[in-house]
Each structure stands twice: as structure tokens, then as C-alpha cells.
Amino acid sequence: MDTSAIETVKCLIIGSGPAGYTAAIYASRANLAPVLYQGIQPGGQLTITTEVENYPGYADGVQGPEMMVHFEKQAARMGADIRYGIATRVDLSAQPYRVWIDDEKEIHAHAVIIATGASAKWLGLESEQRLNGHGVSACAVCDGFFFRGKDVAIVGAGDTAAEEALYLSKLCTHVHMVVRRDRMRASKVMQDRVLATPNITIHWNSETDEVLGGQNVEGVRLRNNQSGDLTEIAVSGFFVAIGHQPNSDIFKGWIDMDEAGYILTVPGSSRTNVEGVFAAGDVQDKTYRQAVTAAGSGCMAALDAERYLGAKGVH
Ligand code: NDP
């Protein structure tokens, strides 16, 4: 084996959303000389959003992509070694842990911080993909504002869909909620709120046949999965809220996860079941999923890594 290609690092951070960059800021300041690999989507989910108004410190709001440039610059200024590359395989059987980047480069890391985030699930329609960013969105809280005073549709029946439908109902004239079964999965309290909101119409037993529109979303065609009937509704926005998929595949078999693939951490910490491997951000959080909570957990992971490496005597 050609061992010259192997690089040993104290602290490896995988992922470049708020969690990864915050971990890099703290780890750099703690002299852990972190190396951060950005992954498939440098900057993470915020790079596909627009205005961010709820991140503290930005009194006038900020564009999501711009905010992530700020995160990256701050991490770089603290000395983090930020690289483009995707972690494609890991071997966590012995320390230092082995992580392969782009199936080629092998990194040996004394501590690993997993901050690979989550990705929104999509229906998989061609029209949904084509109109993404032109009326199709997976984040009502990010993009709902653009549809003030307009009619929109939202697909999904879980707590996220219910929460987002309620959010949209305050901005939009009418919200069409597309539910594929005859009942919702969302908690009772959320269902009750949705049902009590006059400008939300639920289309039961309905699936999206096609998102309609040339340059921008103009409507949606629904198919009733009982009768087969097709109905077209005019909407300007089409929101998909059918869940998120944590980006944890490469850690399967090594790191404990729940049935949906979210990494399990010891409550009140970022520790996983593998000593020296920590998880932060959306890959381990299916409840809050906010930039600020991800950043907070990235800070926790760096502090946990610092303590761990200190106790191990890795300098
Ligand atoms: P869920 O997995 O709970 O719900 C996904 C919803 O999307 C389901 O109703 C499902 O339908 C529907 N769906 C899935 N695939 C398709 C498809 N191809 N076409 C149409 N519909 C589809 O995801 P959520 O993001 O809603 O929630 C994730 C977790 O986060 C849950 O545990 C939830 O309770 C939690 N959460 C809690 C909140 C809170 O407490 N305030 C807020 C937001 C989330 P079906 O029901 O038929 O399977």
C-alpha cells in the first residue's frame, strides 16, 4: 500500500453547513488544526434558500448563500483548512479513524465531527425539478414570503407539512394541502389547527400528477387515488414537505442511528456510540433543523472533541 497518500489529522470535520463551519471555528481556536471537507453542496441547505431573517446578529436579514460565505470566511480566518471533497467511505473500527475522500484520498483522524446535514425529499417529478426555485420549494419558512397574497399548494401530511401550511396560511390567500391518504400523520394538535384554518383546503387521497407552468409555477394537477379523477388548481407556489433524509449513509453499520437514519447522540452532548466521533446539525436533529441550532450543536461538537483529544493526550 502506498502510505504516502495518507494524511493524519487531529480533527476532521465532514460537512459545511452552519454545524460544520461553527465546529471549524471553535476547533481552530482550540488549536485542533481542523480539516473540513465541504461535501456535495458546499454551504449546505442554506445555499438553496433566499432571505434568512431569523439568524440572530443579522438585524436586516441576509441571503442564505451569503451567510454561508460569512461562515466559511470566519472559519478560514481562524485557520481551518477548508477543502472541496466528499467523504465517500469510513472505517471506524480502530483509532485513528479512517475516512476516504472522493474514494481516493485516505485521512486518518483522531477525532471526527459528522456535520453532513440532511436533504429535503422530493416527489421525483420532472416538472418539480424543472421549476425548482421558480415556484417550487421545500422550505415554506424560507420562501413563503414570495407568495404573499397568492394561492399556493403544499404536499405532505406530517408535522412539517402542517406547520408549513399554517405558516403559509398567514401569508397567502389560499393554501391547498395535498394529502395522499384519507388521514394525516401530523400530531393531533397540528391537525386540529390545520382543519380550523379557513383558508386551508385539504385534498384527501390526492397525489401530484404534475406541477404546471413554463417559466414559473402556474398550477398543479392532482390525481385522486381512489377515483382516478384529475383536477387542476391554479397556484403560484408549490411546496414539498414530505420529510428530510439525513445524509448518514456512509456511517451505517458504524454509528448508531434511528430507523430514519438520524445519528443518535448522547443527550446533552454531541457524542455518538463511537468514542471520538461526534455529530452535529441536521444529521442528528429531526426536530429543530434551524441554522442557529445547527451552529450551536457544531460548537458543542468542537468542545466535545477538544475535551476528548485533551484526555487522550493528542496534541
Ligand atoms: P414525516 O415523515 O413525519 O411526514 C412525511 C409526510 O409526507 C407524511 O404525511 C407522508 O405521507 C408524506 N409523504 C411522504 N412521501 C410522500 C410522497 N411521495 N407523496 C406524498 N406525500 C408523501 O416528516 P416531517 O418532516 O413532517 O416530520 C419529521 C419528524 O419531525 C417527525 O417526527 C415530526 O413529528 C417531527 N416534527 C415535529 C415538529 C413539531 O413538533 N413542531 C415540526 C416538524 C417536524 P404518509 O402519512 O401517507 O406516509
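As the structure is a computational prediction, the values presented were derived from the model and not from experiment.

(A) Region of the structure containing the layout of surface pockets. Its volume calculated, the second largest pocket comes out at about 250 Å³. Here the lining of the second largest pocket gets four residues from one element, more than from any other, and that element is helix α7 (residues 291-312).

(B) Summary view of the pattern of salt bridges. Tallied over the entire structure, the rule returns 16 salt bridges. Here Lys105 ties to Glu7 by a salt bridge, and the two come within 3.1 Å at their closest N and O atoms. On the criterion of sequence distance, the pair formed by Lys105 in strand β8 (residues 105-114) and Glu7 in strand β1 (residues 6-14) is long-range, its members being 98 residues apart. Given a relative accessible area of 27%, Lys105 falls into the partly exposed group. Relative accessible area serves as the criterion here: at 22%, Glu7 is assigned to the partly exposed category. Lys188 is the salt-bridge partner of Asp192, the closest N and O atoms lying 2.9 Å from each other. Here Asp192 pairs with Lys188, and both are found in helix α6 (residues 188-195), just four residues apart, close to one helical turn. Its relative accessible area of 37% is what places Asp192 among the partly exposed residues.

Each value, and the rule that gives it
- Residues numbered from 1 in each chain as written.
- Predicted model: local features only at pLDDT ≥ 70, side-chain atom pairs only at ≥ 80, totals over all residues.
- Heavy atoms only, no water.
- 1 Å grid on protein atoms, 1.4 Å probe; cavity = no way out; pocket = protein on both sides within 12 Å on 5 of 7 lines; lining within 4 Å.
- Points joined across faces, edges and corners; volume = space filled by probe spheres on them.
- Helix = DSSP H or I, 4+ residues; strand = E, 2+ residues; numbered from the N terminus.
- Salt bridge = Lys/Arg side-chain N within 4 Å of Asp/Glu carboxyl O.
- Buried < 20%, exposed > 50% of the residue type's maximum accessible area, 1.4 Å probe, protein only.

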